[in-house]
Amino acid sequence: DIVMTQGVLPNPVPSGESASITCRSSKSLVYKDGKTYLNWFLQRPGQSPQLLTYWMSTRASGVSDRFSGSGSGTYFTLKISRVRAEDAGVYYCQQVREYPWTFGGGTKLELK
Amino acid sequence: EVQLQQSGAELGKPGTSVKLSCKVSGYNIRNTYMHWVNQRPGKGLEWIGRIDPANGNTIYAEKFKSKATLTADTSSNTAYMQLSQLKSDDTAIYFCAMEGYLGVMDAWGQGASVTVSS
């Protein structure tokens, strides 16, 4: 199985600052079609996960442009610009390159 | 608008089974895959498996192959997951999620709590 490892944020993050969340995969997530099959989700307290980005860098419908995904085949970053109160929660990366799909352990974002 | 409505909280005794449902509105589940994910108390997300409702084909994570059984009823546009031989370790919130045409889980149910206790 592909193992996803997420970094830790130096919490709390001051409102208005930027935050970068990292994720590493044990295998390249680039498929033969050239796409990188890495998704990011945000789970706010008491809520279901919400898709933020897919194919590593494409924002999901309705997601603020303050969220941007980037990376290589095995190392990925989700950058959140001008952090706001509603960004608080746990962020998960997920690989959908192959089954079984796997998630990172989550990175908690707290705001100051 | 796509909506996934999950069944309510379940309390099961060790060794018994529970069956969760996930009713989809706004989209025909024949045209998608339905996934299930769990989240143990205070822990992260764990992918359980997925079903193709059009033909019943399933894929499971190895650790859930003897634990979870995924089914779907296209006539009612509903996906199901049965959890068998319940243990305290199965206590968790279980989410269903729909895989849209982009190949990602872009619509989620509200989650269903399963508590295993004697």
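It should be noted that the structure appears before, not after, this text.
Below: a short report on this structure. (Residues numbered from 1 in each chain as written. Chains lettered and ligands numbered in written order. Predicted model: local features only at pLDDT ≥ 70, side-chain atom pairs only at ≥ 80, totals over all residues. Heavy atoms only, no water.)

### Focus: the overall build of chain A
Inclusion rule: The helix and strand labels rest on DSSP assignments: H or I over at least four residues marks a helix, E over at least two residues marks a strand, and numbering proceeds from the N terminus. When accessible area is computed with a 1.4 Å probe and restricted to protein chains, residues below 20% of their type maximum are described as buried, those above 50% as exposed, and intermediate ones as partly exposed.
If you tally the helices and strands in chain A, you get zero helices and 10 strands. For chain A, the sequential pattern of α-helices and β-strands runs β-β-β-β-β-β-β-β-β-β. Principal-axis analysis of the C-alpha atoms gives chain A an extent of 40 × 25 × 25 Å. The burial tally for chain A puts 47% of its 112 residues in the buried class.

### Observations concerning unusual backbone geometry
Residues and elements named next belong to chain A. Cis geometry is found at the peptide bond from N11 to P12, where omega equals -10°. For P12, the location among the structural elements is in the loop between β1 (4-6) and β2 (19-25). A cis amide bond, omega 0°, links Y99 with the succeeding residue P100. The backbone of R82 shows a phi angle near 50°, a positive value even though the residue is not glycine. As for its placement among the helices and strands, R82 is situated in the loop between β7 (75-80) and β8 (89-95).

### Notes on the sheet that holds strand β6 (residues 67-71) of chain A
All names here are of chain A. Definition in use: Paired strands, in this sense, are two strands between which DSSP finds at least two bridges. In this analysis an axis means a line fitted to C-alpha atoms, helices contributing only their contacting stretch, and an angle means the value between N-to-C directions, from 0 to 180 degrees.
The four strands are arranged β1-β2-β7-β6 in an open sheet whose pairing can be described as antiparallel. Lying at the two open borders of the sheet, with one neighbouring strand each, are β1 and β6. Within the sheet, the average angular offset between the axes of one strand and its neighbour, ignoring direction, is 20°. Across three bridges, β1 lies against β2 in antiparallel orientation. When the bridges of β2 are listed, T5 appears paired with R24.

### Here we look at the nonpolar core
A general feature of soluble globular proteins is that nonpolar side chains tend to end up buried together. The line we're drawing: As used in this record, nonpolar core signifies buried Ala, Val, Leu, Ile, Met, Phe, Trp, Tyr and Cys residues forming a set joined through side-chain atoms within 4.5 Å.
A:W40, A:Y91, A:F103, B:M34, B:W36 and B:M81 are the most contacted members of the largest nonpolar core, which totals 67 residues. Here this core takes six residues from strand β9 (residues 92-99) of chain B, the largest share from any one element.

### Quick look at the interface of chain A and chain B
As a measure of interface size, the accessible area lost when the parts come together is often cited. Heads up, the rule is: In this description, contact between two residues means that some pair of their heavy atoms is separated by no more than 4.5 Å. Here the quantity called buried area is the accessible surface, traced with a 1.4 Å probe, that two parts lose on coming together, added over both. The salt bridge criterion pairs a side-chain nitrogen of Lys or Arg with a carboxyl oxygen of Asp or Glu, the two atoms within 4 Å. In protein, a polar contact requires one atom able to donate a hydrogen and another able to accept it; more generally it is a pair of N or O atoms within 3.5 Å, and residues adjacent in sequence count only if both atoms are side-chain atoms. Three classes are used: nonpolar for Ala, Val, Leu, Ile, Met, Phe, Trp, Tyr, Cys and Pro, charged for Asp, Glu, Lys and Arg, and polar for all others, with Gly counted as polar.
Contact residues are listed per partner, giving 17 residues for chain A and 23 residues for chain B. The largest per-residue losses of area from chain A upon contact with chain B belong to A:Y99, A:W101 and A:F103, which jointly make up 38% of the total buried on that side. Inspection of the chain A/chain B interface yields zero salt bridges. For the pair chain A and chain B, the number of links is four residue pairs in polar contact (both at pLDDT 80 or more). Every element with two or more residues in the side of chain A that touches chain B is listed here: β3 (38-43), β4 (50-54) and β8 of chain A. With three residues, the top contributor of residues to the side of chain A that touches chain B is β3(A). Of the residues in the side of chain A that touches chain B, the class split is 11 nonpolar, six polar and no charged.

### Some remarks on the packing of aromatic side chains
The geometry of an aromatic ring pair is captured by the separation of the ring centres together with the interplanar angle, meaning the angle of the planes. Selection criterion: Under the pairing criterion, centres of Phe, Tyr and Trp rings, with the six-membered ring standing for Trp, must be within 6.5 Å; the plane angle then separates stacked pairs below 30 degrees from edge-to-face pairs above 60, leaving the rest tilted. The criterion for a charge sitting over a ring is simple: Lys NZ or Arg CZ within 6 Å of the ring centre, and within 35 degrees of the ring normal.
A full pass over the atoms with the stated rule returns nine aromatic pairs over all chains. Members of the aromatic cluster, each reached through a chain of ring pairs, are A:F41, A:F103, B:F95 and B:W108. Over the face of the ring belonging to B:Y80 we find B:K19, whose NZ or CZ atom lies 4.9 Å from the ring centre. When the ring centre of B:Y33 is taken as origin, the NZ or CZ atom of B:R50, which lies over that ring, is 3.9 Å away.

### A look at the state of the cysteines
Cut-off, in case you're wondering: Here, a disulfide means two cysteine sulfur atoms that sit within 2.5 Å of each other.
In total, this model carries two disulfides over all chains according to the counting rule given. The side chain of A:C23 participates in a disulfide bridge whose partner is A:C93; the two sulfur atoms lie 2.1 Å from each other. Of note, the bridge from A:C23 to A:C93 carries an S-S torsion of about 75° and is right-handed in sense. Linking A:C23 in strand β2 with A:C93 in strand β8, this pair joins segments that are 70 residues apart in sequence. In terms of burial, A:C23 and A:C93 fall into one category: buried. Disulfide pairing places B:C22 opposite B:C96 at an S-S distance of 2.0 Å. Across the S-S bond linking B:C22 and B:C96, the dihedral sits near 70°, which makes this disulfide right-handed.

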